[in-house]
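Architecture and fold: a report
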Amino acid sequence: MAEGAATEDYPQEIDEQLTTFDSSVNAVKTMLEKLMSMSRNDLMQKLDPLEQAKLDLMSVYTLNSLFWMYLVTKGINPREHGIKQELERIRTYMNRVKEITDKKKAARLDKGAASRFLRNALFDPDDKELKKAAPKKPRTC
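Residues numbered from 1 in each chain as written. Predicted model: local features only at pLDDT ≥ 70, side-chain atom pairs only at ≥ 80, totals over all residues. Heavy atoms only, no water.

Of the comments in the UniProt record for the chain, the one headed Subunit (unreviewed entry) reads "Monomer and homodimer." Here the chain is described in UniProt, under the heading Function (unreviewed entry), as follows: "Plays a role in the recruitment of the exosome to pre-rRNA to mediate the 3'-5' end processing of the 5.8S rRNA." (UniProt positions renumbered as here; feature names shortened; annotations may be inferred.)

**With respect to the overall build of the chain**
Counting secondary structure elements, the chain contains six helices and zero strands. The helix and strand sequence of the chain, counted from the amino end, reads α-α-α-α-α-α. Taken across its 141 residues, the chain has 11% of its residues classed as buried. Taking contacts inside the chain between residues at least 6 apart in sequence as the whole, the part at least 24 apart equals 41%. Accessible surface, the chain as shown: approximately 12600 Å² in total, 57% of it carbon and sulfur. (Helix = DSSP H or I, 4+ residues; strand = E, 2+ residues; numbered from the N terminus. Buried < 20%, exposed > 50% of the residue type's maximum accessible area, 1.4 Å probe, protein only. Contact = heavy atoms within 4.5 Å. Areas by Shrake-Rupley, 256 points an atom, 1.4 Å probe, with all protein chains shown as cover.)

Written out as structure tokens, the structure is:
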């Protein structure tokens, strides 16, 4: 934590966890400062619609997660607060965007190429010669 802070203010057992928490908060602060320094319009113009949706979802999820942590620090149970439903709703949309991304990445079948491949793979020149040599039998009903 801070170099000059007295360690008698809190139990020594949680010193490592508080140090980790402090570094995590500083990392979040740095990321938010970077994000806030850019113009949103400039950023959105550089992204395609799917990337814009990902950025919006990431932003709103981060903001709601920070609010969740704020409620915890105030002693409010966030599971009984409306923030839980909001985070679930955002996760639903994140899953939908992930499905769309996965569909975009999935391989597509070229039906024409596949049929040519199968036709050529199953082609047997010996069968063709046998069919020509064998006389056609008349059908009897």
